[in-house]
Amino acid sequence: MTDYREDFLKKLRDKVEKWERETLPKSLSRYPERMERFTTLSGIEIKRIYTPLDIKDTHYLERIGLPGEYPYTRGIHATMYRGRIWTMRMFSGFGTAEDTNKRLKFLVEHGETGLSLAFDYPTLLGIDSDDPMAHGEVGVTGVAVDTLKDMEIIFDGIDLGKVTTNMTINPPAPILYSMYLAVAEKQGVPREKIGGTTQNDPLKEFIAQKSYIFPPEPAVKIAMDLVEYSVRNTPKWNPISISGYHIREAGSTAVQELAFTLADGIAYVRHLVERGHDVDSFAHRLSFFFDSHINFFEEIAKFRAARRMWAKIMKEWFGAKKERSLWLRFHTQTAGVSLTAQQPYNNIVRTAIEALAAVLGGTQSLHTNALDEPYRVPSEFAAKIALRTQQIIAYETGVADVVDPLAGSYYVEWLTDKIEEEAWRYIERIERMGGMIEAVRKGYPQKELTEASYRFQKEVEEGIRKIVGVNIFTEEDEEEVRNVPLLDIDPNEVEERQIRRLREVKRGRDSARVESTLNNLRDAARRGENIVPYILEAVKAYATEGEIMNVLKEVYGVWTEPIIY
Amino acid sequence: MTITETERIKVLVAKLGLDGHDRGAKVVARALRDAGFEVIYTGIRQTPEQVVEAAIQEDVDVIGVSILSGAHMTLMKRLMELLREYGADDIPVFLGGTIPVPDIEPIKRMGVREVFLPGTSLREIVEMIRQAGLERRKRRGW
């Protein structure tokens, strides 16, 4: 069965055949094609043209439908950006809490609509700034947070009842969430009113981002403690952002990014259902995070396929009934990995194209990378251009004035189907392994990524993949590179300042209270309880992030990954 | 180059510091392996102490370090100091990662042989490491 009339399809088939026989050869002899095979970045082979014949089995009503209706291929909302522009959420944070507080205020002044905190490596890994392992890393890639005191300073003068905040944090997510809650409480903002996101997605850490601490099973348990607690206490908070971004940045294809992300999501839903929760009690708070890479149409197709697949998974696999449980809401970041250190101003153009793909794909929020990010945390100047890029797309181009304008494109619909089909194959393979937790333990997605990234690098070197400034249109002169104004931070000075504050906090706190809250946490973790309420108590006593993490490491152990390359 | 002479070259590929960006290090490790080198990859989150210890214990000819956390100045300084301390500063050291251009000269002054920026071809990396490894072997009278 097909949406098209059989006689029409027959006529079209004849016409295409005739075109291939008569029109095409003339053109080919005059203008031979640039390559023998054209492929997307994921290696999907692309034909010369697409016609209704390529999507004749894609039933419009079932597979595409209308925005705001199942299967949500065209978007989760009926009006999309005609109602409200996506949230412009620029990832930022560096140095100490004071530096970051200043940057957040700068971005808000220039029209940013949602905050997004980047933490330094010691914070991401639950290590205090005075730990020898932290030396040289304090405040470099993001802001350093050791205790509640730092979070109080970061949000000084920012009303947590008015902004929403994303926190890119994983194993220590319950700690940073608790700190945010404690700051809100001090500001007098009720819990029900605070909004934002904790990334809190442990499985992709094993696959790609590698800021894992605990072994897979306890890592998932802890993350789901936060989901459970948050759904009950902070109804507007997204306790998890199931992330494909890092998977893609670590070298996966678009198909792998999509498949592994959804497989992670399946593992979390399964865990929560096994804990006894009704799927409709939490599914609406799950959120996603994808990469928008440079292969324009492939990205748009990926976003559209993602929505359709997740809706089906939630409805058919888990029996979700509420409409909101079926929505795949997602944040997008343009592809950091597509930026080049060479001729860095070209990065503005790359980012603009990737951002456009995210918007045409129906994202809920967006971060655009700054041109200087191949080198360092962005300067104010570079961060502002990145934000302005989104504003130009939103307010000048007109693309936000119509919902899902690429629906019905023979190519885009075909590619959406194709990506979906290939992603299902990966998901089925992971299901046969026993789900993502098992697959990660076996190193399956890790190995897939290693292969894909090596293949890509080879293709770049062989000139099959072209990158302006890297393997075509290269320039010898490095003056342009030298003249990019970079953010000037002195890591030694930041480290000293941060350690000084940490020592002051430790001197000023009630150490007996710290100790008793940490003991209570240890006991609760051993009993297998939800640990979030205990972490909140420890945070309020100004226990450090490192102290809390050490208690958890004692109970849950640490993960060492199998080395695969 | 003959396979037998590269086969003997032993390279330590090390992820120094806390960042988990291991794609570059793994791609380089794989390319070296494919070119016939003996490769030891440390995995992520290594301290300068651990890297020097592994280099000495494994008696490697070359150390290739990857850092994408921005902590390269502090970490490379410590690494080079430790190599000198242990009398292992004849092992050529290469650095790869997101290193801002103004940092390259100071890093080379620490004794680092070469800094590979994003976009450097695998062929170039493999070739330079091969040269450095063979030179060291010659110096040691292989």
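Refer to the preceding data block for the structure.
Here we summarise the structure given alongside this text. (Residues numbered from 1 in each chain as written. Chains lettered and ligands numbered in written order. Predicted model: local features only at pLDDT ≥ 70, side-chain atom pairs only at ≥ 80, totals over all residues. Heavy atoms only, no water.)

## With respect to the sheet that holds strand 4 (residues 195-198) of chain A
Residue and element names in this part refer to chain A.
At step 1: The nine strands lie next to each other as 5-4-3-2-1-9-8-7-6, forming an open sheet whose pairing is parallel. Only two strands of the sheet have a single partner each, and these edge strands are strand 5 (237-238) and strand 6 (240-243).
At step 2: Where strand 7 (residues 286-292) lies against strand 8 (residues 330-334), five bridges are found, and the strand directions are parallel. Note that in strand 8 the partner of Asp291 across the bridge is Gln333.
At step 3: On top of the sheet, helix 12 (residues 346-360) reaches strand 7, strand 8 and strand 9 (365-367); it is set at about 165° to strand 8, its chief contact. (Pairing = 2+ DSSP bridges. Helix = DSSP H or I, 4+ residues; strand = E, 2+ residues; numbered from the N terminus. Contact = heavy atoms within 4.5 Å. Axes fitted to C-alpha atoms, helices over the stretch in contact; angles between N-to-C directions.)

## Notes on the pattern of salt bridges
Residues and elements named next belong to chain A.
At step 1: Under the defined criterion, the tally for this structure stands at 62 salt bridges over all chains.
At step 2: Put simply, Asp130 and Lys506 hold a salt bridge, and the shortest N to O gap is 3.7 Å. Highlighted residues: Asp130 in the loop between helix 4 (121-124) and helix 5 (148-154) and Lys506 in helix 18 (residues 491-508), separated in sequence by 376 residues.
At step 3: By relative accessible area, Asp130 is classed as partly exposed at 31%. (Salt bridge = Lys/Arg side-chain N within 4 Å of Asp/Glu carboxyl O. Buried < 20%, exposed > 50% of the residue type's maximum accessible area, 1.4 Å probe, protein only.)

## Some remarks on the sheet that holds strand 1 (residues 10-15) of chain B
All names here are of chain B.
At step 1: Taking strand neighbours across the sheet as the criterion, the five strands line up as 2-1-3-4-5 in an open arrangement whose pairing is parallel. Strand pairing shows two members of the sheet lacking a second neighbour, strand 2 (38-41) and strand 5 (114-116), which therefore form its edges. When strand polarity is set aside, the average angle formed by the axes of neighbouring strands in this sheet is 20°.
At step 2: Where strand 1 and strand 2 come together, four bridges link them in parallel fashion. Note on strand 2: the bridge partner recorded for Leu12 is Ile40.
At step 3: Its contacts with the sheet put helix 3 (residues 48-57) on strand 1 and strand 3 (62-67), and the angle it makes with strand 1 is roughly 165°.

## Some details on the nonpolar core
Residue and element names in this part refer to chain A.
At step 1: Counting residues in each nonpolar core, the largest one holds 182 residues, and the members touching the most others are Trp86, Met151, Phe155, Phe260, Trp310 and Met436.
At step 2: Ranked by residue count, the leading element in this core is helix 10 (residues 254-274), at eleven residues.
At step 3: Not counting residues within four places of it along the chain, the set of residues in contact with Phe260 comprises Ile207, Ile247, Tyr426, Ile430, Met436, Tyr444, Pro445, Glu448 and Leu449. (Core = buried A, V, L, I, M, F, W, Y, C linked by side-chain atoms within 4.5 Å.)

## A few points about the pairing of strand 3 (residues 164-167) of chain A
Residue and element names in this part refer to chain A.
At step 1: With three bridges joining them, strand 2 (residues 114-117) and strand 3 adopt parallel strand pairing. Counted as the bridge partner of Leu117 is Met167 from strand 3.
At step 2: Looking at chain direction, strand 3 and strand 4 are connected through four bridges and run parallel. When the sheet's bridge partners are listed, Thr165 is paired in strand 4 with Gly196.
At step 3: For the handedness criterion, the β-α-β arrangement of strand 3, helix 6 (residues 173-187) and strand 4 is classed as right-handed. (Right-handed = clockwise from strand over helix to strand, strands pointing away.)

## Digging into the packing of aromatic side chains
At step 1: According to the stated counting rule, one finds 25 aromatic pairs over all chains in the structure shown.
At step 2: With centroids separated by 5.1 Å and ring planes inclined at 50°, the aromatic side chains of A:Tyr180 and A:Trp237 adopt a geometry described as tilted. Taken as a pair, A:Tyr180 in helix 6 and A:Trp237 in strand 5 lie far apart in primary sequence, 57 residues in all. The residues A:Tyr180 and A:Trp237 share a single accessibility class, namely buried.
At step 3: Through a chain of ring-to-ring contacts, three or more aromatic side chains come together here, namely A:Tyr50, A:Phe296, A:Phe297, A:Tyr411 and A:Trp414.
At step 4: Positioned over the ring face of A:Tyr426 is A:Arg429, at 5.2 Å from the centre of the ring.
At step 5: For B:Arg45, the ring lying beneath its charged end belongs to A:Tyr212, and the centroid distance is 4.8 Å. (Phe/Tyr/Trp six-rings, centres within 6.5 Å; stacked < 30°, edge-to-face > 60°. Lys NZ or Arg CZ within 6 Å of the ring centre and 35° of its normal.)

## A word on helix 21 (residues 545-556) of chain A
Residues and elements named next belong to chain A.
At step 1: Along its twelve residues, helix 21 runs 16 Å from first to last C-alpha, staying within 8% of the 16 Å computed at 1.5 Å per residue.
At step 2: Those residues of helix 21 lying buried are Glu545, Gly546, Ile548, Met549, Val551, Leu552 and Tyr556.
At step 3: Check the buried side of helix 21 and you find it contacts helix 4, helix 6, helix 8 (216-233), helix 19 (511-527) and helix 20 (532-540).
At step 4: The first or second residue beyond helix 21 is Gly557, which carries a positive phi of 80°. (Expected span 1.5 Å × (residues − 1).)

These figures come from the coordinates and say nothing about function on their own.
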